[in-house]
Amino acid sequence: MGMYTDLLDKKRSIAVVGLGYVGLPLALALSAKVKVIGFDTNSERVADLRRGIDLTGELEEGLLNEALTGSRDITFTSSKETLKEAAFYIIAVPTPVDCYNQPQLDKLRDASTLVGGALCAGDYVVFESTVFPGCTEEECIPILEIESGLRGGRGFKYGYSPERINPGDKEHTLINTVKIISACDEKALSTIKKVYSLVVEAGLYHAPSIRVAEAAKIIENTQRDVNIALMNELSILFGRMGINTYEVLQAASTKWNFLPFTPGLVGGHCVGVDPYYLVYKAHELNYHPRMIHSGRFVNDSMGGYIGKKVVKRIIALGKNISESHVLVMGITFKENVSDVRNSKVVDIVKELKDYGVTVDVTDPYASAVEVQRIYKLHLTEPKEKCYDAVIVAVPHHPYLSFNEDDFLALTCPPAVLADVKGLYRGRIRELEYWSL
Ligand SMILES: NC(=O)c1ccc[n+]([C@@H]2O[C@H](COP(=O)([O-])OP(=O)(O)OC[C@H]3O[C@@H](n4cnc5c(N)ncnc54)[C@H](O)[C@@H]3O)[C@@H](O)[C@H]2O)c1
């Protein structure tokens, strides 16, 4: 009786389309309760998953092997035929921007085409990819309708449920974070609620419409972006005043309503990308969102700013910049992850190289192959007594225990320590210290 019971009885299955940072944990969680088809167009990714390898490194220890040894019900596949066996589809494919910062919806459209071709009357489709408000109903549902020959809302049901996971964060997970759900009608909402309740223990928030759910997701990241941009701008200003920004923030955060944002690089594929989706939609409506644009401008400029600051400090030490050697520690887009996509540390490296500086880059988590493939940069082990400046660009866990002696062992005095996130503030005596 009904789709939900069929899922519980394993007469029907759920397909998760796109097995990345978002899709894989969701597919594995659902597979403890229902039959799941984990679908990805990348056959290498599927082959890896079948062998128990997850290159994102985000999964709980042993979870994938548990799934493979049979205690969970999941099939990893790239087969369109297998996809047709599902009755409830969840789409979690990437929604990046292109080199002009315009939304790149091709993967979302491709996934909609694929799922549309597999849909049968009564099936469900839920989108999880981050998009601008209106995208699901304006871009994706028409594709599903054309491909399936069914009417959205009548022939098949649909919804939108944005993901809130935070890579590298083991505390806030799919299970323990409230999840927003929305749907085309009340009946669909009720079924979607039951399905997500199987795995989300923290509760579900019912958004009144799909557009509200899409907008809520995008402003969560836009709010972060604008606030970090304000901190970055303050850091540039305080730098000119000779005031340490982190000291100011520490003092200000003693007030109950001061928000705990800090300056830094904003890379990755969420905070640094999602605001552009909102900007795109705003432009379509002939509105030019200055706050959001300014935030993006400031944050996108920080890599170049940090690079220039280090160059000036090296010159101020009396060194010839074109003969200088700098070590950059950390290349991933944030701390304690292996993901290097849209890393803003690369902007620091580029700025330094533009001044003729020789740059070494090291990272304990990044894949040397990926860094070479995406950025044509060679990851290396740090050399002793070699550098005119060390830039701690990403506060990876192993770097937290470093002290001045560790940096002195790497540098050729006099030298600069550029501490982007202010980790070593108050602890550096001999090196020329700079932080945001
Ligand atoms: N990563 C995050 O922290 C995070 C958090 C919240 C929301 N999101 C959003 O979730 C969505 C997915 O992000 P992600 O980080 O999981 O992406 P990802 O790049 O890690 O993985 C996406 C997967 O989709 C596959 N794929 C691409 N096109 C496909 C297609 N047409 N059909 C099937 N599979 C396809 C890729 O091969 C890849 O394995 C994006 O919209 C993103 O903005 C991401």
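Peer 1: Can you walk me through the site of the ligand in this structure?
Peer 2: Surrounding the ligand, one finds 28 residues, the nearest of these being Gly-18, Gly-20, Tyr-21, Asn-42 and Ser-129. A per-element tally of the shell around the ligand places helix 6 (residues 106-118) first, with four residues. Here the shell around the ligand is composed, by residue class, of 13 nonpolar, nine polar and six charged.

Peer 1: Before we go on, may I ask you to explain the sheet that holds strand 6 (residues 157-160) in this structure?
Peer 2: Sheets are built from strands that pair by backbone hydrogen bonding, the pairs being arranged parallel or antiparallel. Strand order across the open sheet formed by eight strands is 3-2-1-4-5-6-7-8, with mixed pairing between neighbours. Looking at strand neighbours, the two that pair on one side only are strand 3 (74-77) and strand 8 (204-206), the edges of this open sheet. Averaged over all neighbouring strand pairs, the angle between strand axes comes to 25 degrees, with direction disregarded. Note that strand 1 (residues 13-17) and strand 2 (residues 36-39) share four bridges and pair parallel. By the bridge assignment, Ala-15 is partnered in strand 2 with Ile-37.

Peer 1: I tried to follow the nonpolar core on my own but got confused; where do I start?
Peer 2: In summary, soluble globular proteins display a tendency toward joint burial of nonpolar side chains. Membership of the largest hydrophobic core comes to 121 residues, with the highest contact counts inside it found for Val-16, Val-17, Val-328 and Ile-391. For this core, the element with the highest residue contribution is helix 9 (residues 210-241), accounting for eight residues. Mapping this core onto the domain boundaries places at least three of its residues in each of domain 1 (2-208) and domain 2 (254-435). The contacts of Val-328, once residues within four sequence positions are left out, are Val-345, Ile-348, Val-349, Val-359, Val-361, Ile-391 and Ala-393.

Rules used in this analysis
Residues numbered from 1 in each chain as written. Predicted model: local features only at pLDDT ≥ 70, side-chain atom pairs only at ≥ 80, totals over all residues. Near = placed C-beta within 6 Å. Helix = DSSP H or I, 4+ residues; strand = E, 2+ residues; numbered from the N terminus. Nonpolar A, V, L, I, M, F, W, Y, C, P; charged D, E, K, R; others polar. Pairing = 2+ DSSP bridges. Axes fitted to C-alpha atoms, helices over the stretch in contact; angles between N-to-C directions. Core = buried A, V, L, I, M, F, W, Y, C linked by C-beta atoms within 7 Å. Buried ≥ 20, exposed ≤ 12 C-beta atoms within 10 Å, placed from the backbone. Domains from an automatic or database assignment. Contact = placed C-beta atoms within 7 Å.

Spatial relationships are all this shows, so hold off on functional conclusions.
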